[in-house]
Every structure is written in C-alpha cells, then in structure tokens.
Amino acid sequence: MIDLPRHASPCGSITPIEGGVNIPFAIARVYYLYDIPGGAVRGGHAHVELEQVLAAVLGAFDIVVDDGSNKKVIRLDRAYRGLFIPRGIWREMVNFSSGAVCVVLASTPYRKDDYLRDYETFSRMKVADG
Ligand code: TYD
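All values derive from a computational prediction rather than experimental measurement.

Where strand E7 (residues 61-66) meets strand E8 (residues 71-76), 6 bridges bridge the pair, whose relative direction is antiparallel. Paired with Asp66 across the strands is Lys71, a residue of E8.

Under the counting rule described, the total for this entry stands at 7 aromatic pairs. Plain terms: the ring middles of Tyr32 and Tyr34 are 5.7 Å apart, the flat faces sit at 45° to each other, and that makes the pair tilted. In this structure Tyr34 comes out as partly exposed when scored by relative accessible area, which is 49%. Consider the rings of Trp90 and Phe122, whose centres lie 5.4 Å apart with planes at 45°: the pair is tilted. Within this pair, whereas Trp90 is found in strand E10 (residues 90-94), its partner Phe122 is found in helix H1 (residues 119-129), the two being separated by 32 residues in sequence. This pair shows no difference in class: Trp90 is buried, exactly as Phe122 is. One aromatic cluster is present, formed by Trp90, Tyr119 and Phe122 through successive ring pairs.

The next subject is the site of the ligand. The environment of the ligand is made up of Arg29, Tyr31, Arg42, Gly43, His45, Tyr110, Tyr115 and Arg117. One of the side-chain N or O atoms of Arg29 is found 2.5 Å from an oxygen atom in the ligand. With respect to the ligand, the backbone of Gly43 contributes an N or O atom lying 3.2 Å from an oxygen atom. Considering the ligand on its own, with 530 Å² of exposed area, one finds that the protein chains cover 59% of that surface. Of all the secondary-structure elements, those providing two or more residues to the shell around the ligand are strand E4 (29-33) and strand E5 (42-47). Per element, the largest residue contribution to the shell around the ligand is 3 residues, and it comes from E5.

Here is what the cut-offs are and how they apply
Residues numbered from 1 in each chain as written. Predicted model: local features only at pLDDT ≥ 70, side-chain atom pairs only at ≥ 80, totals over all residues. Heavy atoms only, no water. Pairing = 2+ DSSP bridges. Helix = DSSP H or I, 4+ residues; strand = E, 2+ residues; numbered from the N terminus. Phe/Tyr/Trp six-rings, centres within 6.5 Å; stacked < 30°, edge-to-face > 60°. Buried < 20%, exposed > 50% of the residue type's maximum accessible area, 1.4 Å probe, protein only. Near = heavy atom within 4 Å. Polar contact = N/O pair within 3.5 Å; in protein donor to acceptor, adjacent residues only side chain to side chain. Areas by Shrake-Rupley, 256 points an atom, 1.4 Å probe, with all protein chains shown as cover.

Read these as spatial facts, not as claims about activity.
Written out as structure tokens, the structure reads:
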C-alpha cells in the first residue's frame, strides 16, 4: 500500500502522483474504471510484465490479490491511498460502491499479449518459477 501525497485545504484536496517519485515506476498509461454496475467483477487476470498502482479516487472497492500461493483481500476506499501490484499477481476487483471510480497507473502501454487470463496457466507458471 502506498500513501500518496495529500494536500488538503478548506476548498478541497489534491493528490499528485509522479512516476518514479511517489510510485515505483515511470507511468506509461493511465486509465479509469467507472459506471460499474452493482455486483460487477473486474480484473480476473495477471500480467507478465506490467506493473500497476490502483486507487479508488471516488468510492470504494475490494481487490483480491493472489500470488499463486496466498490470497489477500484489500479494501481501497481513500483517494490518497494506492495499491502497488507487481507483475505476476492475479487480481480481481469486487464490491464496488455505487459511483466508484478506480484509477489505474500502468508501467507499459496496452499490450494484449501481456495478459494471463487463464488461472490454471497462471498457477503453473508460478509453480515453474518456484
Ligand atoms: P480489461 O483489461 O479486460 O478490463 P478488466 O480487467 O478491468 O475487466 O479491458 C476491458 C476492455 O478494454 C478490453 O476490450 C481491452 C480494452 N482496453 C484497452 O483497449 N486499453 C487498455 O489500456 C485497457 C486497460 C483495456
């Protein structure tokens, strides 16, 4: 979990994020998830090379992270708190609150072939990696 800078004033707050400064990689891509219907499950994959930081800039959601051996559920519910997800971690995002917005900072451009979408393949790779 990364505590991001937070500049609060009576007129509102600002959280700036600089690649390589507040998060451990240069930012190549930013995207956000929004209009998420109740009960939706996002993610359900791992990445070979991509690293990401996720934050709930509005509302809240849970991320289930899985390294092939252990699973952990992490609640993101503060705009100034980011979760760093290194490569090779299976993730699912669930329990989105109404109106939640999830921003994702990514270390690489979008590459379809960087996704591992089959859990069995992911597990086998983790076992092979030791
Ligand atoms: P996907 O990564 O499968 O979403 P999630 O894991 O959150 O459920 O992406 C959904 C769609 O969006 C898919 O058709 C690919 C497209 N997409 C891009 O074109 N560029 C991107 O940077 C991302 C993240 C997704």
